[in-house]
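Secondary and tertiary structure notes
Here's the letter readout for the chains.
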Amino acid sequence: MFARHLAMNAPAGVNIIDANDFKVWKLGLAGAPGTLYDGEKFQLEFNFGPNYPLESPQVLFVGDNIPVHPHIYSNGHICLDVLYNHWSPVQTVASICLSLQSMLSSCTSKEPPPDNATYVKTARANPKHTAWAFHDDTV
């Protein structure tokens, strides 16, 4: 039901790769035209816990093409407040994809987070276990 709704109402640049159950979904996300990521294709993985939508899904970039971005770590973890402490049950998979497209589109320089190497070595598999500090809205 949810996957069918998303397929019929997907934002531009978003496509369903696999959404056969309500545990793990894989979606394609295309870089918006006229941005640093124009023409690039990325893959997102959504992992839905038993308390979704009261709790946010775990969302990661996966595959061979993780975006190089100041708020995206090379292990696919995403530093975006709506995925963690600013989550609201009214948000949808489509709204998360729009937030990610907006974050990518507003980026002015393709560079990894300054602490990428350290974070990737020490991070747990689930980014929801990270104590994120949201302090930079400029990218």
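Here, every reference points to the structure presented above.
Model, not experiment: these values are computed from the prediction.

**A short note on the sheet that holds strand 1 (residues 14-18)**
- Read across the open sheet, the 4 strands follow the order 1-2-3-4; overall the sheet is antiparallel. For this open sheet the edge positions go to strand 1 and strand 4 (58-62), each flanked by a neighbour on one side alone. For this sheet, the mean inter-axis angle between neighbouring strands, taken without regard to orientation, is 30°.
- Pairing between strand 2 (residues 24-30) and strand 3 (residues 41-47): 7 bridges, direction antiparallel. Pairing of Leu27 across the sheet is with Leu44, part of strand 3.
- Contacting strand 1 and strand 2, helix 1 (residues 2-9) runs over the sheet at an angle of about 10° to strand 2.
- Sheet strands touched by helix 2 (residues 93-105): strand 1, strand 2, strand 3 and strand 4. Its angle to strand 2, the strand with the most contacts, is close to 35°.

**Some remarks on the packing of aromatic side chains**
- Within the structure shown, the criterion is met by 14 aromatic pairs.
- Each ring, one from Phe22 and one from Trp25, has its centre 5.8 Å from the other, and the planes form 75°; the classification is edge-to-face.
- Exposure remark for Phe22: the relative accessible area of 32% places this residue in the partly exposed category.
- Judged by its relative accessible area of 2%, Trp25 is buried.
- When the centroid spacing of 4.9 Å and the interplanar angle of 70° are considered together, the rings of Phe48 and Tyr52 count as edge-to-face.

**What about unusual backbone geometry?**
- Cis peptide bonds are those with omega within 30 degrees of zero, and the linkage from Tyr52 to Pro53 qualifies with 10°.
- On the secondary structure map, Pro53 appears in the loop between strand 3 and strand 4.

**Some thoughts on the environment of Gln58**
- Examined against the element boundaries, Gln58 turns out to sit in strand 4.
- Given the relative accessible area of 14%, Gln58 is considered buried.
- Along the sequence, Gln58 and Val90 sit 32 residues apart, while their C-alpha atoms lie 16 Å from each other.
- In contact with Gln58, other than residues within four places in its own chain, are Glu45, Phe46, Asn47, Ala125, Asn126, Pro127 and Lys128.
- A distance of 3.1 Å separates polar atoms of two side chains, one belonging to Gln58 and the other to Asn126.

**Some details on the environment of Leu6**
- Checked against the element boundaries, Leu6 lands in helix 1.
- Counting along the chain gives 88 residues from Leu6 to Ala94, while the straight-line C-alpha distance between them is 6.8 Å.
- Among all residues touching Leu6, those that are not within four sequence positions of it are Pro11, Ile16, Trp25, Leu27, Val93 and Ala94.

The rules behind the values
Residues numbered from 1 in each chain as written. Predicted model: local features only at pLDDT ≥ 70, side-chain atom pairs only at ≥ 80, totals over all residues. Heavy atoms only, no water. Pairing = 2+ DSSP bridges. Helix = DSSP H or I, 4+ residues; strand = E, 2+ residues; numbered from the N terminus. Axes fitted to C-alpha atoms, helices over the stretch in contact; angles between N-to-C directions. Contact = heavy atoms within 4.5 Å. Phe/Tyr/Trp six-rings, centres within 6.5 Å; stacked < 30°, edge-to-face > 60°. Buried < 20%, exposed > 50% of the residue type's maximum accessible area, 1.4 Å probe, protein only. Polar contact = N/O pair within 3.5 Å; in protein donor to acceptor, adjacent residues only side chain to side chain.

Such coordinate-based values are descriptive only and should not be taken to indicate function.
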